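Report on the structure
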Amino acid sequence: MYRAHTVICGAGILGLTIARELIEAGCDDVIIFDKEPCLGMHASGRNSGVLHAGIYYDPGTLKAKMCLEGNRRMQAYCEERGLPLFKSGKVIVARTEDELDTLDELERRATANGGVVEMIDEKRLAEIEPNAFTVGRALYSPLTSVVDPKRILAAMREELENSGRVRFFFDTRFTGTAGPNKVATSQGRIGYKLFINAAGAYSDKVAQAFGIAGDYRLLPFKGIYRVLAKPAADRIKGSIYPVPNIKNPFLGVHFTRSAHGDVYVGPTAIPAFGRENYGILKGLDREVLSILFRDMRMFMENKKFRTIALEEPRKYFFKHFFNDAAKLVREIAPEDMLPTAKAGIRPQLVNIKTSQLVMDFVIEEAENSVHILNSISPAFTSSMYFAELVVKEHVTNS
């Protein structure tokens, strides 16, 4: 049987940043295990790479508390290590006059969260993002940046391995608990003094094996993308986002220039039928029926989910995807948008008792274990500060 002082389930961005904080706090024996053969195969390696700047989140929430400082720390990490960092800035544009009130609310939230934003007119927008379209005014976020998530994951793995205090076990799947202070995995049992669940899309299942989080389930939403061909890509300077429905946790299809210069359009938020359902059928497993049942229940009982379920699946069809994106820019043609294999899954936490989407990060504790649930956007942005708070507020007292 393997043993370590602290065992972390999940080698995504939160697992790695928490391990960094543990080492900084003096822990000298950490195991990180993951069911995949390498880093970045799911949310941490498939996200857009955008470092958000604290705009969308209700003041007082964990997301609001962690996002902006997490942005600063991640940018500094990239600069110190020479990792790709594109200080792109972002504009949020209004498609109709009805969205202007929400634009004002985003400005209020950003200011309350300590963010830096500027309400700009159409003339100023044209200087920043010449091809962006808005009705009357837009919100400009100069602190939004774009990184290469896989490069960051690789740098952190190297840093942790070089410390001599962290071991990585890949191809190692969590299969359950195995008595006090032990977990069972596909590679055998692992003993611990402290267990940290950073399992992302499977964090609810891991938590429930410890007898907690019984009212929570993760529902997968699929994000599909297109990529812009040149010269259309050259007309996008940074990131162009729509005014979102702030009652939902999704930001809408948008344009993002990556840290390597490609311009992606997306993602969608299509209800998926598997936690790894990246294609039409790819990633479906025996859980498909239970996910479908939860989707149907949410459709009947939750108006916000019903709106998403009615609107988003249409974006599988190019016409609807294109029309949604085209509202954000002055000039674009259907032939400018090309297919791409890029796709992601957002594992959104729902409370099955109330049939409500959970809007904030959730951290729960069980005996000698800490469980991070709903680690969705802006989790990558927030991760370095999030990890510090997890260790200070949940680990040092465990």
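Note that the coordinates shown come from a computational prediction; the quantities given were computed from them, not determined experimentally.

**Re unusual backbone geometry**
Negative phi characterises most residues that are not glycine, and trans characterises most peptide bonds. Cis geometry marks the peptide bond from glycine 266 to proline 267; its omega dihedral reads 0°. Geometrically, the link from serine 377 to proline 378 is a cis peptide bond, its omega value of 10° lying close to zero. By the secondary structure assignment, proline 378 is in the loop between β21 (369–373) and α11 (379–395). Positive phi, close to 55°, is recorded for aspartate 171, a residue that is not glycine. Its location among the elements puts aspartate 171 in the loop between β9 (166–169) and β10 (174–177). Given a relative accessible area of 43%, aspartate 171 falls into the partly exposed group. In this structure, asparagine 374 is a non-glycine residue whose phi angle is positive, near 60°. Position of asparagine 374 relative to the elements: it lies in the loop between β21 and α11. The class for asparagine 374 is buried, based on a relative accessible area of 0%.

**Quick look at the environment of alanine 366**
Note that alanine 366 resides in strand β20 (residues 362–366). In the structure, alanine 366 is positioned 176 residues away from isoleucine 190 in sequence and 17 Å away in space, judged by C-alpha atoms. With sequence-adjacent residues up to four places away left out, alanine 366 is seen in contact with Phe210, Ile212 and His371.

**Quick notes on the pairing of strand β13 (residues 216–228)**
Most of β13 sits out of view: 12 of its 13 residues are buried. In terms of strand pairing, β13 meets strand β18 (residues 337–351) through 12 bridges, oriented antiparallel. Along β18, the bridge assignment pairs lysine 222 with isoleucine 345. Pairing of β13 with strand β17 (residues 270–271) involves two bridges; the strand directions are antiparallel. Counterpart to phenylalanine 221 in the pairing with β17 is proline 271. As defined by bridge partners, β13 adjoins strand β16 (residues 263–266) across two bridges and the pair is classed as antiparallel. Looking at the pairing, valine 227 lines up with tyrosine 264 of β16.

**Some thoughts on the UniProt feature "domain: FAD dependent oxidoreductase" (unreviewed entry) in the chain**
UniProt feature "domain: FAD dependent oxidoreductase" (unreviewed entry): in the numbering of this structure it lies at residues 6–391. The span residues 6–391 is 32% helical and 27% strand by assignment, and the distance between its end C-alpha atoms comes to 12 Å.

**Describing the packing of helix α8 (residues 288–301) against helix α9 (residues 303–311)**
Between two packed helices, the angle of one axis relative to the other and the distance separating the axes together describe the packing. Packing of α8 against α9 brings their axes to within 6 Å, and their N-to-C directions diverge by 115°. On the basis of their axis angle, the class for α8 and α9 is roughly perpendicular. In the packing of α8 onto α9, the handedness of the crossing is left-handed. For the pair α8 and α9, contact is made by Asp295, Met298, Phe299, Met300 and Glu301 and by Lys303, Phe305, Arg306, Ala309 and Leu310, respectively. The class makeup of the residues in the contact of α8 with α9 is six nonpolar, no polar and four charged.

Definitions and limits used
Residues numbered from 1 in each chain as written. Predicted model: local features only at pLDDT ≥ 70, side-chain atom pairs only at ≥ 80, totals over all residues. Heavy atoms only, no water. Helix = DSSP H or I, 4+ residues; strand = E, 2+ residues; numbered from the N terminus. Buried < 20%, exposed > 50% of the residue type's maximum accessible area, 1.4 Å probe, protein only. Contact = heavy atoms within 4.5 Å. Pairing = 2+ DSSP bridges. UniProt positions renumbered as here; feature names shortened; annotations may be inferred. Axes fitted to C-alpha atoms, helices over the stretch in contact; angles between N-to-C directions. Parallel < 35°, antiparallel > 145°, perpendicular 65-115°, else oblique. Left-handed = near helix turned anticlockwise from the far one by under 90°. Nonpolar A, V, L, I, M, F, W, Y, C, P; charged D, E, K, R; others polar.

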